[in-house]
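# An overview of the molecular structure
Residues per chain, in single letters:
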Amino acid sequence: MILLTVRDLRYRLVRFVVVTLLGSVVFALLFVATGLVEQFNKEPYLAVDAIGGDFWVLREGVSGPFTAASTMPVTAGDAIVADAVAPVVSARSSLLPEDGGDDNEEIVIIGGEVPGLGLAEPSSGRGVEAPGEVVVDDTLDADVGDVVLIAGAPFTVVGTTTDTTILAGIPLVFVALEDAQDLVFRSREVVSGFLADGAVTASPDDTVVLSSDEVAADTLGPLDGAIASIDLVRVLLWVVAIIIIGAVVYLSALERQRDFAVLKAVGVSNRTLLGSLGLQAVLVALAAVALAAVIQLFLAPAFPLKVRMPASAFWQLPLFAVIMAILASLAGMRRVARSDPALAFSGAGG
Amino acid sequence: MAMLTVSDLVVEFVHDGYSVRPLDGMSFEGHEGELVVLLGPSGCGKTTLLSCLGGILTPTSGRIQVGDVEVTALPRSELEAYRRRTIGFVFQAFNLIPSLTARENIAMPMMLTGYSKRQAFDRADELLGVVGLTERAHHKPSKLSGGQQQRVAVARGLGHDPRLLLADEPTANLDHIQAEAVIRLLQELRSQGRLIVVSTHDARLVPIADRIVQMVPDAAHDDGQTRTATFAAGASIFEQGDASDVVYVIESGEIDIVRVLADGGEELLGRLGPGQYFGELGPLLGFRRSASARAATRVELTVMDPRVFRERILHRR
């Protein structure tokens with residue numbers, strides 16, 4: 001069966017190469033789409049984890065620190081009981097390199113006490129130690145030592161962090177609490193909320209306590225539509241892949257009707273012939289997936305958003321591709337199963 | 001005891017709404033070591049008969065016995081195994097798989113029916129030697145002549161050493177040199193104790209046949225004699241599917257030409273009257289009657305041998 005399948009693949013090599021290439025482009029897009037969805041889903045959890053704290057205490061009625069404006073008096077922190085409590089400021093803002101230019105980057109400022117919760121651990125450089133210093137996400141075009149303008153105020157970059165973006169790629173920047181209060185509220189009496197380590201056993205009446213997972217889930221909310229759209233595109237890509245592979249297998253079944261009729265006439269079982277056709281579809285699909293795994297390495301960096309390829313994609317995609325290939329070849333298999341061995345007696349020589 | 005016995009075989013199927021009976025009461029026998037030639041023109045049911053012998057087509061009625069196996073009694077599920085064990089096929093159109101070499105074409109059916117790869121290729125090499133194509137073993141069909149392809153097809157049919165080899169028009173697509181090689185090969189295979197059944201309209205095979213089965217029965221010609229016949233209204237003159245032997249000219253009265261439909265009903269094709277003739281195509285072309293003729297009224301007919309009809313009626317026009 002394998003020999004029959006491989007020989008036929010070689011016999012129709014050009015067609016199968018073209019189909020494999022087409023399929024690999026589709027599968028590469030599927031890889032990238034999978035990586036994008038993975039990034040969207042993981043991004044807020046990683047960012048919230050980097051900020052630190054097990055719970056966020058925010059003003060009642062606020063859905064989350066990154067999806068709604070929250071203001072609280074800094075004194076409200078006195079009524080919160082947990083292992084550790086720290087005020088935090090979070091707000092959308094913009095960043096410009098000191099040398100000007102029009103590349104105004106949208107950012108989210110996170111202000112925290114130095115040292116304390118709210119200031120992420122940098123992956124290079126050092127953490128914020130004094131006002132006027134900033135640690136930025138490494139997706140921003142800023143290196144340690146650069147001076148950047150945040151909402152017009154100059155800050156010196158002292159470190160960079162990794163995986164600290166939210167809302168599909170908006171980078172976080174970390175500054176001292178006072179700087180954040182000055183930039184956002186023009187007041188040292190107000191904060192956005194409080195971060196708490198350990199269980200929060202008491203908090204003011206007009207506050208809400210959210211776990212870090214709830215905050216991350218809330219941050220993901222605005223991206224629901226985008227994720228659903230990408231998922232729909234993924235479904236459509238699977239349909240395209242099924243059509244491509246199904247069409248070529250069906251065409252092969254049509255062209256090989258006489259061959260199958262002859263083999264049936266000499267006593268070869270339907271099961272064996274269907275297996276041969278299915279194997280052909282699976283081999284084409286797996287070749288396309290293997291090629292796609294290479295193509296996506298070149299394709300992913302071209303995307304403006306980070307493509308986070310989950311390791312599971314490298315076994316799930318081939319597995320789904322095999323299932324899809326078998327589904328795609330069903331029409332061709334049906335054709336073969338129904339072909340009449342008497343067909344072997346008809347037709348011109350050659 | 002005959003190795004092959006065909007008794008009262010009838011195959012009837014529906015085609016374009018009509019009931020067609022390509023085989024109607026076919027009977028013959030074949031013995032080991034014989035070459036049986038099914039002789040007849042295209043469309044006379046030769047391939048239908050081969051399909052029945054090979055267990056590909058189930059006849060409407062009748063019996064086929066191959067050795068101690070009653071093929072017509074085998075359930076569909078066992079026909080595959082019957083073909084695999086007992087029958088070798090050689091097709092008119094060669095039907096080699098274009099992606100495989102000659103050697104692989106012979107080995108592939110064996111591999112797909114349970115032989116190991118080594119067994120299949122060893123047997124393929126042996127058979128390539130038998131058909132004299134060892135040096136062409138690794139050529140694909142497109143690189144082989146028609147005769148070579150047919151010899152490969154014969155070798156493929158012999159893969160599992162079948163007792164009964166069925167060959168459909170094995171010389172139809174070949175020139176006389178290639179045909180001679182295939183005929184010689186069939187003679188050799190027969191001498192090895194196989195029963196070979198060949199369908200053909202190629203007269204070159206007749207001299208080497210041990211048994212000839214005329215698929216279109218010889219008409220009982222009247223040796224140039226004509227006679228008159230009278231039929232009462234409603235009487236049948238001939239029925240659809242009958243052997244064709246004579247032509248009728250209407251002297252008086254009217255007849256209906258009707259065709260039997262698949263649902264058992266009848267379709268009136270036409271009504272003929274004095275001076276008109278009918279039933280001429282069957283005997284002239286060697287076909288069975290394609291419709292029935294019934295007397296619509298009392299009718300008087302002149303019944304002619306087709307040769308007489310050709311001389312007297314057709315040439316006169």
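Residues numbered from 1 in each chain as written. Chains lettered and ligands numbered in written order. Predicted model: local features only at pLDDT ≥ 70, side-chain atom pairs only at ≥ 80, totals over all residues. Heavy atoms only, no water.

## Considerations on the overall build of chain B
Formally: Numbering of helices and strands starts at the N terminus; helices are DSSP runs of H or I of at least 4 residues and strands are runs of E of at least 2. In this scheme, a residue with accessible area under 20% of its type's maximum is buried, one over 50% is exposed, and one in between is partly exposed, where area comes from a 1.4 Å probe on protein chains only. Note that accessible areas follow from Shrake-Rupley with a 1.4 Å probe, and for residues the cover is restricted to the protein chains shown. Lys and Arg are tallied as positive, Asp and Glu as negative. Neither His nor the chain termini are counted. For charged residues, the charge sits on one atom: NZ in Lys, CZ in Arg, CG in Asp, CD in Glu.
Helix and strand content of chain B: eight helices and 17 strands. Projecting the C-alpha coordinates of chain B onto the three principal axes gives extents of approximately 75 × 40 × 40 Å. A buried classification covers 53% of the 317 residues belonging to chain B. Surface summary for chain B: the accessible area is close to 14,000 Å², and the carbon and sulfur share equals 47%. Within chain B, the 40 negative side-chain charges are centred at a point lying 6 Å from the centre of the 34 positive side-chain charges.

## Notes on the sheet that holds strand β1 (residues 4–15) of chain B
The condition that has to hold: Pairing between strands is defined by DSSP: at least two bridges between the two strands are required.
Read from one edge of the open sheet, four strands run β2-β1-β4-β5 (chain B), paired in antiparallel fashion. Among the strands making up the open sheet, the edge pair consists of β2 (18–30) and β5 (69–70) of chain B.

## Focus: the domain arrangement of chain A
Residue and element names in this part refer to chain A. Under the convention used in this document: Each domain span listed reflects an automatic or database assignment of domains. Residues are treated as being in contact if the distance between any of their heavy atoms lies within 4.5 Å. The term buried area denotes the loss of accessible surface (1.4 Å probe radius) that occurs when two parts are joined, taken as the sum for both partners. Here, a salt bridge means any Lys or Arg side-chain nitrogen found within 4 Å of an Asp or Glu carboxyl oxygen.
Domain boundaries in chain A define domain 1 (2–43 + 224–345) and domain 2 (61–205). Relative to domain 2, the C-alpha centre of domain 1 lies at a distance of 48 Å. Tallying the contact residues gives six residues for domain 1 and six residues for domain 2. Both sides together, the interface formed by domain 1 and domain 2 hides about 420 Å², and carbon and sulfur atoms give 36% of it. At the boundary of domain 1 and domain 2, one finds two salt bridges.

## So, the domain arrangement of chain B
All names here are of chain B. Domain boundaries in chain B define domain 1 (4–214) and domain 2 (226–314). Across the domain 1 to domain 2 interface the summed buried area is about 660 Å²; carbon plus sulfur atoms make up 52%. The largest per-residue losses of area from domain 1 upon contact with domain 2 belong to Y18, S19 and D24, which jointly make up 62% of the total buried on that side. On the surface where domain 1 and domain 2 come into contact, there are zero salt bridges.

## Some words on the interface of chain B and chain A
Each side of the interface is counted separately: chain B has 29 residues, and chain A has 28 residues. A buried area of about 2,500 Å², summed over both sides, lies between chain B and chain A, and 66% of it is on carbon and sulfur atoms. The tally of links from chain B across to chain A stands at one salt bridge. For B:E104, the salt bridge identified is with A:R7, shortest N-O distance 2.6 Å.

## Quick word on the pattern of salt bridges
Residues and elements named next belong to chain B. Counting across every chain of the model gives 27 salt bridges over all chains. Salt-bridge contacts for R211 lead to E34; the nearest nitrogen and oxygen are separated by 3.1 Å. One end of the pair, R211, is in strand β9 (residues 211–214); the other, E34, is in the loop between β2 and β3 (35–39), with 177 residues separating them in the sequence. Residue R211 is classed as partly exposed on the basis of its relative accessible area of 25%. Note that D305 is salt-bridged to R307, the shortest N-O span being 3.2 Å. On the basis of relative accessible area, D305 is assigned to the buried category, the value being 0%.

## Remarks on the side chain of B:R156
How we decide: Side-chain atoms alone can form a polar contact between residues adjacent in sequence; in general such a contact is a pair of N or O atoms within 3.5 Å, and within protein one must be able to donate a hydrogen while the other accepts it.
Looking at where B:R156 falls in the secondary structure, it is placed in helix α5 (residues 146–157). Of the side chains with opposite charge, A:D259 lies nearest to the buried B:R156, which makes no salt bridge, at 7.1 Å. Among the polar contacts made by the side chain of B:R156, one reaches the main-chain carbonyl oxygen of B:N95 at a distance of 2.8 Å. Excluding its chain neighbours within four sequence positions, the residues that come into contact with B:R156 are A:V262, B:F91, B:F94, B:N95, B:L96, B:I97, B:N105, B:I106 and B:P109.

## Considerations on a negative patch on the surface
This is how it is decided: Only residues whose relative accessible area exceeds 30% and that form no salt bridge are eligible for patches; like-charged ones are grouped when within 9 Å, while nonpolar side chains (Val, Leu, Ile, Met, Phe, Trp, Tyr) are grouped when within 5 Å.
On the surface, A:E98, A:D99, A:D103, A:E105, A:D141, A:D143 and A:D146 cluster together to form a negatively charged patch. One can find A:E98 in the loop between β3 (84–97) and β4 (105–112).

## Side note on the nonpolar core
As a rule of thumb, soluble globular proteins bury nonpolar side chains together. What counts, and what does not: Residues enter a nonpolar core if they are buried and are Ala, Val, Leu, Ile, Met, Phe, Trp, Tyr or Cys, with the set joined through side-chain atoms within 4.5 Å.
Ranked by internal contacts, the top residues of the largest apolar core, which has 131 residues, are A:F27, B:F28, B:L53 and B:V197. Take this core: its biggest share by element is 12 residues, from helix α2 (residues 13–51) of chain A. The residues contacting B:F28, other than those within four sequence positions of it, are B:L4, B:T5, B:V6, B:V36, B:L38, B:L49, B:L53 and B:V213. Core analysis: the second largest hydrophobic core is formed by 27 residues, A:V158, A:I166, A:I170 and A:F174 among them.

## Quick word on the pairing of β4(A)
Residue and element names in this part refer to chain A. Burial runs high along β4: six of the eight residues are buried. With eight bridges connecting them, β3 and β4 associate as antiparallel partners. Paired with S93 across the bridge in β4 is I107.

## A word on the environment of B:A137
Residue and element names in this part refer to chain B. Turning to its location among the elements, A137 is positioned in the loop between α4 (117–130) and α5. Since its relative accessible area comes to 7%, A137 is described here as buried. The residues contacting A137, other than those within four sequence positions of it, are T101, A102, R103 and L128.

## Topic: the side chain of A:S211
Among the secondary structure elements, A:S211 is positioned in strand β13 (residues 207–211). Excluding its chain neighbours within four sequence positions, the residues that come into contact with A:S211 are A:D54 and A:F55.

## Some points on helix α8 (residues 313–328) of chain A
Residue and element names in this part refer to chain A. Our working rule: To estimate how far a helix should reach, multiply one less than its number of residues by 1.5 Å. The arc under discussion is defined with respect to the helix axis, by the directions toward the C-beta atoms.
Between its terminal C-alpha atoms α8 stretches 21 Å, which fits the 22 Å expected from 16 residues at 1.5 Å a residue. For α8, every residue scored as buried is listed here: A313, L317, P318, A321, M324, A325 and A328. With its buried residues spanning 125° around the axis, α8 presents them on a single face. Those residues of α8 that are buried lie in contact with α2, α5 (224–255), α7 (270–299) and α9 (330–338).

## Some words on the pairing of strand β1 (residues 55–59) of chain A
Residues and elements named next belong to chain A. Judged from the three bridges that link them, β1 and strand β12 (residues 193–197) form a sheet pairing that is antiparallel. Across the sheet, residue V57 finds its bridge partner in β12, namely F194. Note: β1 against β13, five bridges, orientation antiparallel. The residue of β13 that forms the bridge with V57 is V209.

## Some words on the sheet that holds strand β10 (residues 226–231) of chain B
Residues and elements named next belong to chain B. What the four strands build is an open sheet, ordered β10-β17-β12-β15; its pairing is antiparallel. Two strands in the sheet have a free side with no partner beyond their single neighbour: β10 and β15 (277–278). Both strand β12 (residues 247–252) and β15 contribute to a ladder of two bridges, which runs antiparallel. Looking across to β15, one finds that V249 is bridged to Y277.

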